[in-house]
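Each chain, written out:
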Amino acid sequence: MRVLGARRSASDEGGEDVDYEPTRPLPGRSRRSRQDKRSRRSWQFRLALGIVKVVAVVIAVFLALIVLLYAFTPSAGQATSLAEAQAAEHHIAYPGPPVPQYFAEALVATEDHRFYADPGVDPLALVRVATSWMTGHTDGGGSTLDQQLAKNLYTSGHSSFPQIVEQVVLAVKLNRAYSRAEILRLYAEIAYYGHGYYGLQAASCGYFGQEPGQLTVVQAAMLAGAVNAPTYDDPLVYPAQARARLVHVIDRMAAVGYLTKAQQDAALKAPLGLSAVRGCH
């Protein structure tokens, strides 16, 4: 045995043939493996291409529908008369006072931070909303201030899918017909702020006993935050929820650059100053 082992070792060291060979894949198996990989890549490519085609068709149909609706939806010029009618219904003055800076900044930062740049709609948000509807969800988030104004003025606050499409068209029309300051003023005048207050002036006088132009940062932020869920963010009924919303608005104002860190900290510490006396004198 020692002799045999020595011969085998010597044979290995000398580079002579040994009694075994390394295992090699069979030619047929290697070809099948390459074919399987090509088949998987081809299937993945066809799937991706199919998804792209479906999305392209949906977008094309959506755009065609918007173009069609553009000709048949109401005129943007009706916005002021509709706002005036709503003001009369709620027994408030029309037109209301100019929108103060703090309120405008709080509203834009929270509801539509691209307000001064977008064409009345947010294309990325529209794609997300359309996708959510296609998958059976009802994501209505991401609507611009122009869309929200169209919703409140033209579609009675409702948002079925056809109404969302109509709101998109009307938002573009409003954006083309009115300045940004005019859109903000229309929005502020018809918004509901909770506790029975419609319109910025009524809300400012009702909650704080002062005109909108006298609002502090924290007061303006509270009113701007209330329009998202006016019933649940009513500071007189749900103070904890209103406070949480207020903190969110202040944080958003700082995030988009309307407030410095020092101003943010000061606003979060400032008293809200709710008035026991309702109305301005």
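Up top is the structure these notes are about.
Since this is a predicted model, take the numbers as computed values, not measurements.

Trainee: Residues and numbers for the side chain of Asp233, please.
Mentor: Along the chain, Asp233 turns up in the loop between helix H10 (217–226) and helix H11 (239–255). Although Asp233 is buried, it makes no salt bridge; Arg245 carries the closest opposite charge, 4.2 Å away. Asp233 has contacts with Gly225, Ala226, Gln241, Ala242 and Arg245, leaving out every residue within four places of it along the chain.

Trainee: So what about helix H3 (residues 79–89)? Which residues, and what values?
Mentor: Ala79, Ala83, Gln86 and Ala87 are the residues of H3 that are buried. Across the axial projection of H3, the buried residues extend over an arc of 100°, all falling on one side. Facing away from the buried side of H3 by more than 90 degrees, the exposed set consists of Ala88 and Glu89. Contacts made by the buried residues of H3 are with helix H6 (145–154), helix H7 (161–177) and helix H8 (180–190).

Trainee: Break down the pattern of salt bridges for me, citing the residues and quoting the values.
Mentor: This model, assessed by the stated rule, comprises five salt bridges. For Arg245, the salt bridge goes to Glu111, with nearest N and O atoms at 3.3 Å. A residue pair is termed long-range when its members are at least 10 positions apart, and Arg245 in helix H11 and Glu111 in helix H4 (residues 101–111) qualify at 134 residues. Each member of the pair, Arg245 as well as Glu111, carries the same accessibility label: buried. The shortest N-O distance in the salt bridge between Asp265 and Lys261 comes to 2.9 Å. Within this pair, Asp265 and its partner Lys261 are both found in helix H12 (residues 261–269), separated by four residues, close to a single helical turn. Overall, Asp265 belongs to the partly exposed group, its relative accessible area being 29%. Assessed through its relative accessible area of 54%, Lys261 is described here as exposed.

Trainee: Summarise the packing of helix H9 (residues 200–208) against H10; cite the residues concerned and give the values.
Mentor: In the contact formed by H9 and H10, the axes pass within 11 Å of each other and the chain directions differ by 125°. If you check the angle between H9 and H10, you find them oblique. Considering the relative orientation of H9 and H10, their crossing is right-handed. Packed against H9, whose contacting residues are Leu200, Ala203, Ser204, Tyr207 and Phe208, the element H10 presents Gln219, Met222 and Leu223 at the interface. Looking at the contact of H9 with H10 residue by residue, the class counts come to six nonpolar, two polar and no charged.

Trainee: Can you explain the environment of Asp118? Please cite residues and give values.
Mentor: You can see Asp118 is positioned in the loop between H4 and helix H5 (123–134). Spatially, the C-alpha atom of Asp118 lies 8.7 Å from that of Thr144, the residues being 26 residues apart in sequence. In contact with Asp118, not counting residues within four places along its chain, are Asp112, Thr144, Asp146, Asn175 and Arg180. Of the polar contacts made by the side chain of Asp118, one reaches the backbone nitrogen of Gly120; its length is 3.1 Å.

Trainee: Kindly report on the nonpolar core, identifying the contributing residues and their values.
Mentor: Phe103, Leu174, Tyr193, Leu223 and Met253 are the most contacted members of the largest nonpolar core, which has 46 residues in total. Counting residues per element, the ones that place at least two in this core are H3, H4, H6, H7, H8, H9, H10 and H11. Excluding residues within four positions of it along the chain, Leu223 makes contact with Phe103, Tyr193, Leu200, Ala203, Ser204, Tyr207, Phe208 and Leu215.

Trainee: Can you explain unusual backbone geometry? Please cite residues and give values.
Mentor: Looking along the chain, the bond that leaves Tyr94 and enters Pro95 is cis, with omega of -5°. Phi is positive for His91, close to 60°, though the residue is something other than glycine. Its location among the elements puts His91 in the loop between H3 and H4. Positive phi values are uncommon outside glycine, yet His195 reaches one of about 60°.

Quick notes on the rules
Every chain is numbered on its own, with residues counted from 1 as its sequence reads. A pLDDT threshold of at least 70 governs which residues receive local features in this predicted model, and a stricter bar of 80 or more applies before side-chain atom pairs are shown or counted, although totals over entire chains, interfaces and linings include all residues. Excluding hydrogens and water, the side-chain figures rest on all heavy atoms present in the structure. Strands here mean DSSP runs of E at least two residues long; helices mean DSSP runs of H or I at least four residues long; both are numbered from the N terminus. Think of it in three bands: residues with accessible area under 20% of the maximum for their type are buried, residues over 50% are exposed, and the middle band is partly exposed, with areas taken using a 1.4 Å probe on protein chains only. In this tally, Lys and Arg are treated as positive and Asp and Glu as negative; His is ignored, and so are the chain termini. Each reported salt bridge corresponds to a side-chain nitrogen of Lys or Arg within 4 Å of a carboxyl oxygen of Asp or Glu. Throughout, a residue-residue contact means that at least one pair of heavy atoms, one from each residue, lies within 4.5 Å. By definition, the arc is the one covered by directions from the helix axis to the C-beta atoms. Axis definition: a line fitted to C-alpha atoms, limited for helices to the stretch in contact. Angles are taken between N-to-C directions and run from 0 to 180 degrees. Angular relationships are summarised with four words: roughly parallel below 35 degrees, roughly antiparallel beyond 145, roughly perpendicular across 65 to 115, and oblique for the angles in between. Crossing handedness is defined as follows: a turn of the near helix away from the far one that is anticlockwise and smaller than a right angle gives a left-handed crossing, while the clockwise case is right-handed. Gly counts as polar in this scheme, as do all residues outside two lists: the nonpolar Ala, Val, Leu, Ile, Met, Phe, Trp, Tyr, Cys and Pro, and the charged Asp, Glu, Lys and Arg. In protein, a polar contact means a hydrogen-donor-capable atom and an acceptor-capable atom, both N or O and within 3.5 Å, with residues adjacent in sequence counting only if both atoms are side-chain atoms; elsewhere, any N or O pair within 3.5 Å suffices. Here, nonpolar core refers to any group of buried Ala, Val, Leu, Ile, Met, Phe, Trp, Tyr and Cys residues whose side-chain atoms link them within 4.5 Å.

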